[in-house]
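Inside the fold
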Amino acid sequence: MKRFSSFPSIATGLNPNRRTLLRGLGALGGLLPFHLREKQAQAQGIPTRFVVYYTYHGTQPRSWFPRNAAGGIGTENDFELASIMQPFAQWKNDLLILDNLNMLSTVDDPTPPANSHYAGQTHSLAPVNRASGAKPGGISIDQFIAQELNKNGPVTKYKSLDFFGGSCETKYHDINSVGPGQTYTGECQAKTAYTRLFGSAPSASGDGPEQTALKFRRSVLAGLPDEFNAIKSSLSAADKTKLDAHAQALRDLEKSLLLPATGAACARPGSEILTAAGDKTEANFEVWARLTAAALACDLTRVATLNFDELPESVLSGVGWTPGKFGAPDLHELAHGTDERSGGLFLNPEAMEMNRQYHLVYARAFAKLLKALDEIPEADGKSVLDHTVVLWAGEIATGNHGLDRLPWLLAGSAGGYFKTGRYIRPGKTIAHNDLFVSIANAMGIPITTFGKASVCKGPMPGLKA
């Protein structure tokens with residue numbers, strides 16, 4: 001059941017009868033083959049989007065992977081969501097729950113990781129031999145898709161939006177990379193992100209703060225090609241090629257600054273959402289989810305990452321957690337100590353329940369993201385979620401730093417490309433590279449391999465509609 005009540009201003013101009021008609025047409029559209037649904041969406045100006053939701057410490061497998069109604073191992077169409085997925089159970093039919101997915105790209109990486117978390121983090125979104133112990137060796141899947149979508153010139157104001165829902169002091173969790181060893185930290189201030197995306201209301205003359213800043217940025221960029229031309233004569237052929245490429249990137253950036261916020265679903269969220277931002281982690285989740293959904297609806301970008309840091313001690317204070325309990329000095333050690341595959345606190349039911357509560361916080365945040373995307377209607381009567389594929393990923397599978405049987409899932413069908421509402425449990429190990437090929441294909445990028453070619457077999461089987 002799609003619900004649009006939280007965004008009343010978005011539906012301006014759609015009377016109830018027309019909205020009912022559009023939603024009916026949207027339902028009929030689901031009966032069409034994918035290529036026809038895709039053309040229908042393109043004709044209505046509805047883009048396909050990709051979002052990465054990234055969390056830490058894997059999960060608790062017994063409370064994550066589905067079982068069937070009889071309590072046995074779930075099957076493709078006969079499965080019940082486990083307890084950690086209950087916060088977003090209403091979107092069960094929008095999910096593709098993945099099993100037997102592994103980071104095979106790490107197996108013969110000659111560069112040892114700086115620590116066990118980096119073993120997975122350096123490969124999680126960039127599945128190729130790492131550049132150093134703490135840096136990935138190639139472009140991450142989100143940035144690859146963003147570059148491909150904009151390779152012939154900017155199609156959105158921002159190639160990607162990368163948000164970090166943690167402390168701005170944290171330097172450890174850089175997951176986005178544009179090339180070997182080239183990582184960066186996403187925006188960590190919700191207020192800064194809001195101003196960057198939606199600015200403040202313009203004055204009567206049309207020159208609000210963001211318009212003035214835009215004019216300044218364009219004036220700076222406009223003068224750079226002349227400076228480049230002045231020094232080209234003294235450069236080698238190779239350096240001239242590099243300078244030309246840089247100049248083209250700057251021209252693309254200048255053009256992107258002119259791209260407006262568009263889309264039938266576009267509406268600037270009220271700045272009151274920022275009052276919830278602060279140290280209250282779950283309130284922060286709400287803000288980042290709303291900002292992401294609005295940016296996608298306004299076609300400011302088609303690629304986004306929400307990188308939610310390790311959770312602070314305060315998130316479990318309401319369920320009896322205090323540092324040092326069970327002999328674990330902090331939540332980080334609790335996650336490791338309660339791993340099902342390494343014993344230890346696994347034998348303590350109370351500690352295991354505390355660990356489950358930890359992962360439930362991430363699950364509730366994921367539900368906020370799905371809700372924000374699902375409440376915004378598109379021109380075809382579907383929602384932004386329907387035209388998006390959201391990947392829930394992370395750096396490890398469980399607290400023992402394992403990289404096999406990753407607890408990853410997809411939400412949203414990417415405009416009907418994926419057949420959702422299923423539990424995909426392949427009979428053999430699948431490299432997560434293959435999943436990235438499938439996601440790129442869903443975004444209209446016809447690749448057959450991504451990352452380390454020796455482990456990538458092509459699109460992950462069984463996902464398409």
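Relevant structure appears above.
Residue positions are given per chain, counted from 1 along the sequence in the order it is written. This being a predicted model, a pLDDT of at least 70 is required before a residue's local features are given, and a value of 80 or more before pairs of side-chain atoms are given or counted; all residues contribute to the totals for chains, interfaces and linings. Computation of side-chain values: all heavy atoms of the structure, hydrogens and water removed.

1. With respect to the environment of glutamate 350
So the rule is basically this: Secondary structure is summarised from DSSP: a helix means a run of H or I of at least four residues, a strand means a run of E of at least two, and numbering begins at the N terminus for each. Contact definition: two residues touch when any of their heavy atoms are within 4.5 Å. N or O atoms closer than or at 3.5 Å make up a polar contact, with two conditions inside protein: a donor-capable atom paired with an acceptor-capable one, and, for residues adjacent in sequence, both atoms drawn from side chains.
Along the polypeptide, glutamate 350 turns up in helix α10 (residues 349–374). In the structure, glutamate 350 is positioned 24 residues away from phenylalanine 326 in sequence and 8.9 Å away in space, judged by C-alpha atoms. If near-sequence neighbours (up to four positions away) are discounted, glutamate 350 is found in contact with Lys325 and Phe326. A polar atom in the side chain of glutamate 350 sits 3.2 Å from the side chain of lysine 325.

2. A short note on α10
Heads up, the condition is: Expected helix span is taken as 1.5 Å per residue step, with the number of steps being one fewer than the number of residues. Here's how the labels work: a residue is buried when its accessible area is under 20% of the maximum for its type, exposed when over 50%, partly exposed in between, all with a 1.4 Å probe on protein chains only.
Given a rise of 1.5 Å per residue, 26 residues ought to cover 38 Å, and the 36 Å separating the end C-alpha atoms of α10 matches this to within 8%. Most of α10 is tucked away, with 20 of its 26 residues classed as buried. Here α10 starts with a cap whose side-chain oxygen sits 2.9 Å from the backbone nitrogen of glutamate 350, and that cap is asparagine 348.

3. Regarding the pattern of salt bridges
What counts, and what does not: Salt-bridge detection follows one rule: a side-chain nitrogen of Lys or Arg within 4 Å of a carboxyl oxygen of Asp or Glu.
In the structure shown here, the tally under the stated rule is 13 salt bridges. Measuring nitrogen to oxygen at the nearest pair gives 3.6 Å for the salt bridge that ties glutamate 340 to arginine 62. One end of the pair, glutamate 340, is in the loop between α9 (331–337) and α10; the other, arginine 62, is in the loop between β1 (49–55) and β2 (95–98), and 278 residues separate them in sequence. Judged by relative accessible area, arginine 62 falls into the exposed class, the value being 52%. Residue aspartate 108 is joined to lysine 452 by a salt bridge in which the shortest nitrogen-to-oxygen separation is 2.6 Å. Taken together, the residues aspartate 108 in the loop between β3 (101–102) and α3 (116–124) and lysine 452 in the segment after α11 (432–442) connect sequence positions 344 residues apart. When its relative accessible area of 9% is taken as the criterion, lysine 452 is described as buried. In the salt-bridge network here, residues are joined through shared partners; they are Asp99, Arg405 and Arg425.

4. Side note on the packing of aromatic side chains
How two aromatic rings sit relative to each other is given by the distance of their centres and the angle of their planes. Cut-off, in case you're wondering: Pairing of aromatic side chains requires ring centres within 6.5 Å, counting the rings of Phe and Tyr and the six-membered ring of Trp. Pairs whose planes differ by under 30 degrees are stacked, by over 60 edge-to-face, and all others tilted. The criterion is that NZ of a Lys, or CZ of an Arg, lies within 6 Å of the ring centre and within 35 degrees of the ring normal, and then a charge sits over that ring.
Per the counting criterion, the structure on display carries 17 aromatic pairs. Residues phenylalanine 436 and phenylalanine 450 carry aromatic rings whose centres are separated by 6.1 Å and whose planes lie at 80 degrees to one another, so their mutual orientation is edge-to-face. Of this pair, phenylalanine 436 sits in helix α11 while phenylalanine 450 sits in the segment after α11, and the two are 14 residues apart along the sequence. As far as burial versus exposure is concerned, phenylalanine 436 and phenylalanine 450 are alike and both buried. Sitting over the ring of phenylalanine 79, lysine 92 keeps its end group 4.6 Å from the ring centre.

5. A look at unusual backbone geometry
Phi is positive for asparagine 100, close to 60 degrees, though the residue is something other than glycine. On the secondary structure map, asparagine 100 appears in the loop between β2 and β3. Of note in the backbone geometry, phenylalanine 326 takes a positive phi value of approximately 60 degrees without being a glycine. Note that phenylalanine 326 resides in the loop between β7 (303–307) and α9.

6. Section: the sheet that holds strand β10 (residues 422–424)
Counted only if it meets this: Any two strands between which DSSP finds at least two bridges are classified as paired. Note on method: axes are straight lines fitted to C-alpha atoms, helices fitted across the in-contact stretch only, with angles between N-to-C directions ranging 0 to 180 degrees.
Read from one edge to the other, the open sheet built from 7 strands follows the order β4-β7-β1-β8-β9-β2-β10, with strand pairing classed as mixed. On the outer flanks of this sheet lie β4 (161–164) and β10, each paired with one strand and no other. Each strand of the sheet is rotated relative to its neighbour by a mean of 15 degrees, with strand direction disregarded. As defined by bridge partners, β1 adjoins strand β8 (residues 388–394) across 7 bridges and the pair is classed as parallel. Across the sheet, tyrosine 54 pairs through a bridge with alanine 393, a residue of β8. Its contacts with the sheet place helix α4 (residues 141–149) against β1, β4 and β7, and it is angled at close to 160 degrees to β7.

7. Describing the side chain of asparagine 355
For asparagine 355, the location among the structural elements is in helix α10. Here asparagine 355 is in contact with Gln60, Leu334, Ala335 and Thr338, once residues within four sequence places are set aside.

8. Quick look at empty space enclosed by the protein
Put simply, the rule reads: Cavities and pockets are found on a 1 Å grid laid over the protein atoms alone: a cavity is a set of points where a 1.4 Å probe fits but cannot escape, a pocket is an open set with protein on both sides within 12 Å along at least five of seven lines, and a lining residue has an atom within 4 Å of such a point. Grid points are joined across faces, edges and corners, and a volume is the space filled by probe spheres set on the points.
Summed over the entire model, instances satisfying the criterion amount to 4 cavities of 30 Å³ or more. For the largest cavity, the calculated volume is near 90 Å³. If you list the elements that add at least two residues to the lining of the largest cavity, you get α10 and β8. No other element matches β8, which puts 3 residues into the lining of the largest cavity.

9. With respect to the nonpolar core
For the record, the criterion: To define a nonpolar core, start from buried Ala, Val, Leu, Ile, Met, Phe, Trp, Tyr and Cys residues and group those joined through side-chain atoms within 4.5 Å.
Counting 111 residues, the largest nonpolar core has Phe50, Tyr53, Phe88, Ile145, Phe418, Leu435 and Ile439 as the members making the most contacts within it. In this view, phenylalanine 50 contacts Ile141, Asp142, Ile145, Arg302, Val303, Ala304, Thr388, Val389, Leu391, Ile439 and Met443; residues no more than four positions away in its chain are not counted.

10. Comments concerning the packing of helix α8 (residues 281–297) against α10
The condition is simple: Each angle receives one of four descriptions, namely roughly parallel if under 35 degrees, roughly antiparallel if over 145, roughly perpendicular if within 65 to 115, and oblique otherwise. Each crossing is labelled by how the near helix is turned from the far one, with a counterclockwise turn of less than a right angle marking it left-handed and a clockwise turn marking it right-handed. Only Asp, Glu, Lys and Arg are considered charged in this grouping, and only Ala, Val, Leu, Ile, Met, Phe, Trp, Tyr, Cys and Pro are considered nonpolar; every other residue, Gly among them, is considered polar.
Across the interface, α8 lies against α10 with an axial gap of 8 Å and an inter-helix angle of 30 degrees. Judged by the inter-axis angle, α8 sits roughly parallel to α10. Considering only the axes of α8 and α10, their crossing is right-handed. For the pair α8 and α10, the contacting residues are Glu282, Phe285, Glu286, Ala289, Arg290, Ala293 and Leu296 in the first and Val361, Arg364, Ala365, Lys368, Leu369, Ala372 and Leu373 in the second. Of the residues belonging to the contact of α8 with α10, the class tally is 9 nonpolar, no polar and 5 charged.

11. Considering the pairing of β8
A large share of β8 lies buried, amounting to 7 of its 7 residues. Of the two faces of β8, both are covered, the one formed by Thr388, Val390, Trp392 and Gly394 as well as the one formed by Val389, Leu391 and Ala393. Taken together, the 3 bridges between β8 and strand β9 (residues 409–411) define a ladder with antiparallel strand orientation. Across the sheet, the residue bridging to leucine 391 is leucine 410, located in β9.

12. Things to note about the state of the cysteines
For clarity, the threshold we go by: Disulfides are defined as pairs of cysteine sulfur atoms found within 2.5 Å of each other.
Taken as a whole, this structure holds 2 disulfides when the rule is applied. The residue that forms a disulfide with cysteine 168 is cysteine 188, at a sulfur-sulfur distance of 2.0 Å. Torsion about the S-S bond of the cysteine 168 and cysteine 188 cystine: about 115 degrees, corresponding to right-handed handedness. With cysteine 168 in the loop between β4 and β5 (176–177) and cysteine 188 in the loop between β6 (183–184) and α5 (190–198), the pair connects residues that are 20 residues apart, well separated along the chain. Take cysteine 188: its relative accessible area is 21%, and that puts it in the partly exposed class. Residue pairing for cysteine 266: its cysteine sulfur links by disulfide to cysteine 298, the two sulfurs lying 2.1 Å apart. Because the sign of the S-S torsion sets the handedness, a value of about 90 degrees for the bond joining cysteine 266 and cysteine 298 places this disulfide among the right-handed ones. Of the two residues, cysteine 266 is situated in the loop between α7 (237–256) and α8 and cysteine 298 in the loop between α8 and β7; the sequence distance between them amounts to 32 residues. Judged by relative accessible area, cysteine 266 falls into the partly exposed class, the value being 27%. Taking the relative accessible area as the measure of exposure, cysteine 298 reaches 1% and is therefore buried.

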